[in-house]
Amino acid sequence: MLPIVAAFIATAILLRLEGRLWICACGKFLIWAGKVCSDENSQQLLDPYSFTHVLHGFMFFWLIVWLAPRLRPAWQLSLAIAAEALWEAFENTNFIIERYRSETAALGYNGDTVVNSFGDIFCCLVGFLIAQRLGFRRSLVVFLVLELILILWIRDSLLLEILMLVFPVDAIKAWQMCR
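Quick notes on the rules
- The written sequence of each chain sets the order in which its residues are numbered from 1.
- Totals for whole chains, interfaces and linings use all residues, but because this is a predicted model, local features are given only for residues with pLDDT of at least 70 and pairs of side-chain atoms are given and counted only at 80 or more.
- The side-chain figures draw on all heavy atoms in the structure; neither hydrogens nor water molecules are used.
- The helix count covers DSSP runs of H or I at least four residues long, the strand count covers runs of E at least two residues long, and both are numbered beginning at the N terminus.
- Two things to know: the radius of gyration comes from C-alpha atoms, and the globule rule equals 2.2 Å times the number of residues to the power 0.38.
- Think of it in three bands: residues with accessible area under 20% of the maximum for their type are buried, residues over 50% are exposed, and the middle band is partly exposed, with areas taken using a 1.4 Å probe on protein chains only.
- What makes two residues a contact is simply this: any of their non-hydrogen atoms within 4.5 Å.
- Surface accessibility in these figures is a Shrake-Rupley result with a 1.4 Å probe; residues are shielded only by whichever protein chains are displayed.
- Charge assignment: positive for Lys and Arg, negative for Asp and Glu; neither His nor the chain ends contribute.
- To locate a charge, take atom NZ for lysine, CZ for arginine, CG for aspartate or CD for glutamate.
- Interaxial angles span 0 to 180 degrees and are taken between N-to-C directions of axes, which are lines fitted to C-alpha atoms, for helices over the stretch in contact.
- Angle categories: roughly parallel below 35 degrees, roughly antiparallel above 145, roughly perpendicular from 65 to 115, and oblique for all the rest.
- Each crossing gets its hand from how the near helix is turned against the far one by less than a right angle, where anticlockwise is left-handed and clockwise is right-handed.
- In the cavity and pocket records, a cavity denotes points on a 1 Å grid over the protein atoms alone where a 1.4 Å probe fits but cannot get out, a pocket denotes an open set with protein on both sides within 12 Å along at least 5 of 7 lines, and lining residues are residues with an atom within 4 Å of a point.
- Grid points are joined across faces, edges and corners, and a volume is the space filled by probe spheres set on the points.
- Each residue gets one of three labels, nonpolar for Ala, Val, Leu, Ile, Met, Phe, Trp, Tyr, Cys and Pro, charged for Asp, Glu, Lys and Arg, and polar for the others, Gly among them.

J.: Mind showing me how you'd approach the overall build of the protein here?
T.: Per the secondary structure count, the protein includes seven helices and zero strands. Listing the helices and strands of the protein from first to last along the sequence gives α-α-α-α-α-α-α. Computed over C-alpha atoms, the radius of gyration of the protein comes to 16 Å, within 12% of the 16 Å expected from 2.2 N^0.38 for 179 residues, which places it in the range of a compact globule. If you line up the protein on its principal axes, its C-alpha atoms span 45 × 35 × 25 Å. For the protein, buried positions account for 43% of its 179 residues. For the protein, restricting intrachain contacts to residue pairs at least 6 apart in sequence, the fraction spanning at least 24 positions comes to 65%. When the accessible surface of the protein is summed, it comes to about 9800 Å², and 71% of that surface belongs to carbon and sulfur atoms. The protein carries 14 positive and 15 negative side-chain charges, and their two centres are separated by 7 Å.

J.: I'm lost on the packing of helix 1 (residues 2-17) against helix 5 (residues 114-154) in this one. Help?
T.: When two helices pack together, their arrangement is given by the angle between the helix axes and by the axis-to-axis distance. At a minimum axis distance of 10 Å, the contact between helix 1 and helix 5 shows a crossing angle of 150°. In terms of orientation, helix 1 and helix 5 fall into the roughly antiparallel class. Pair helix 1 / helix 5 crosses with right-handed handedness. Contacts from Ile-4, Phe-8, Thr-11, Ala-12, Leu-15 and Arg-16 of helix 1 reach helix 5 at Val-114, Ser-117, Phe-118, Ile-121, Phe-122 and Leu-125.

J.: Quick question: what am I supposed to make of the layout of surface pockets here?
T.: One water molecule sets the probe size; rolling that probe over the atoms shows where empty space is left. As a volume, the second largest pocket reaches approximately 230 Å³. Those elements that place two or more of their residues in the lining of the second largest pocket are helix 2 (50-67), helix 3 (73-91) and helix 6 (158-166). Per element, the largest residue contribution to the lining of the second largest pocket is five residues, and it comes from helix 6. Its residues assigned to classes, the lining of the second largest pocket shows nine nonpolar, one polar and three charged.

Below you can see the structure in the form of C-alpha cells.
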C-alpha cells in the first residue's frame, strides 16, 4: 500500500513541476466528463479515455506476470502502479503533448490535470485487478471487447493511441477529428 501512495504523491509533485493544474482551469471538479471533444476532456477525474487506462492495467498485469511471475501479487500491483505513474508524468511532458497535438486528433490537448492523472492511475489499478481476477485468456477477450467499444464510441482506443503516437496514419487522424 505504501508504494502505491508514494506513486500518487510523486506523480502529483512531478505534474505540478511540469506546470499541470490540480483541477480544470474552468474551476469545477467533476467525477465524469463524457464529451471527448470538450475542453474538460483530460481535465476532470474520469473521462472516456479513463477506459484506456483500465487497459493499461491489463497490459501491465500481463507483462509483469510474464516477467516476474514469482513476485508477490501486492508487489506486482505496486510495480504496475509505478509504471502507470511514470507514464502519467511522461505523458504530460511538452514533448508528448506536442506529439499528441501534431499527430493525433487531440488538437487542443494541453495535458492532464493532477486530478485526471489520479483518475487514470486508479483506472490502471482497477484494470490490473480485473485482469488478475480473470486471468490471461478471459482478460484478453475483455481487452479486445473494450477496444472495440472505444473505437465505436470515441473513435479511439489504447491500441489506436499507441499507433498514432508511434506511426501516425493520416486517414485515422481525419476519421477521429471532432465535428
